[in-house]
Structure formats: structure tokens, C-alpha cells
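Listed below are the residues making up each chain.
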Amino acid sequence: MIKKLFLLIICSLLSNFLFSQKKSLAKYALSQKISSDYELVFLKYNKDYNLYSNPRILHKGKLKLVSAFDENNYSGAKIKISKNKKYFVLDNIIKGYVYVQNDSILHENYNCIIIDVKNSKIVYRMQTDCGGFWNKKNQWVHNNEILF
């Protein structure tokens, strides 16, 4: 009888531990490591668009809103992080339906932004220069031109 009670208590504690771990992992729609101290997380995922929204910077357990990022916009899952990990490039996609009389048209506008990690804010916006790269001096380069 005591063995069964002990086994029941152990199983109960183990199941509580396992389920509590799953809840914390499911807290964000997506999480991407930027550095050892910072992480980019998205709070929402739009299954129809296959895109994420509501980005936040996670630092020491606290979520910081990305200043000047429109919460109605979306992003893909890819980011390009600067060598010094102080900045990253993120898609900033405006997508939604525009209603004209009795019809609706899906509107899409693709651009990208450079985000300052520590200050959690947009520092540069780009329309056509998203295919660039970070050089060794932590500058954003596109078509051999330093943009940021």
C-alpha cells in the first residue's frame, strides 16, 4: 500500500514538472537567439500567411517592445545578425486585405528594418536593400554600398 502511494506521488510530481516545462516552451510563437543575453521572440503566428507578428526583444527575462514596429505587420523567421550582435535585419511585411466595394484584394508590401538590439528600436528602414550582408565592421552592405 505504501509503495503504491509513493509511486502515485512520484508520478504526480513528475507529470506536474513535465507539463509545466511544456507550458514555458509554448510561451512564444517563435524564439531566435541573437546573443548570449538577447533573444528575438514573436508572440503571434499567422497560419494563413505563414508569418509571425508582435516581435519582442527578450533580455534577462523581460520582454521589450520593438519601438516603431507596427504591430499589424508581419515577419518571416529569418534574421541577419551583425558580427558584434548589436543589430539585426528583420523582414517588415505589410500584408492584409483591402476592401473595394464588394470585393477584397490581398495587399502585400515587403521591406526590412535594422533593429538596435540593446535599445529595442528600429534604426534604419529599407525597401530594396534587404538582400545585403553585415561586413566585418558591422556595416550593412548592399550592392557594394554601405547603407548603415
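The numbering scheme is per chain: residues are counted from 1 as the chain's sequence reads. Under the rules for a predicted model, residues below a pLDDT of 70 receive no local features and side-chain atom pairs below 80 are neither given nor counted, while totals for whole chains, interfaces and linings still include all residues. To get the side-chain values, take all heavy atoms of the structure and skip hydrogens and water.

## Quick word on the sheet that holds strand β8 (residues 121-126)
For two strands to be treated as a pair, DSSP must find at least two bridges joining them. Counting from the N terminus, the helices are the DSSP runs of H or I reaching at least four residues and the strands are the DSSP runs of E reaching at least two. Spatial ordering of the open sheet is given by β5-β6-β7-β8, a layout of four strands whose pairing is antiparallel. Edge positions in the sheet fall to β5 (79-81) and β8, since each has one partner strand and no second. Each adjacent strand pair in this sheet contributes to an overall mean axis angle of 35°, direction not counted. To get an axis, fit a line to the C-alpha atoms, keeping to the stretch in contact for a helix; angles then go from 0 to 180 degrees between the N-to-C directions.

## Some thoughts on the state of the cysteines
Note on terminology: pairs of cysteine sulfur atoms within 2.5 Å are recorded as disulfides. In total, this model carries one disulfide according to the counting rule given. Covalent S-S linkage joins cysteine 112 and cysteine 130, the inter-sulfur distance amounting to 2.1 Å. Here the S-S torsion is close to -105°, and the disulfide linking cysteine 112 with cysteine 130 is therefore left-handed. Taken as a pair, cysteine 112 in strand β7 (residues 103-116) and cysteine 130 in the loop between β8 and β9 (133-134) lie far apart in primary sequence, 18 residues in all. Relative accessible area serves as the criterion here: at 0%, cysteine 112 is assigned to the buried category. Of the residues examined, cysteine 130 reaches a relative accessible area of 21% and is grouped as partly exposed. A simple rule labels every residue: compare its accessible area, found with a 1.4 Å probe on the protein chains alone, to the largest value its type can have, and call it buried under 20%, exposed over 50%, or partly exposed in between.

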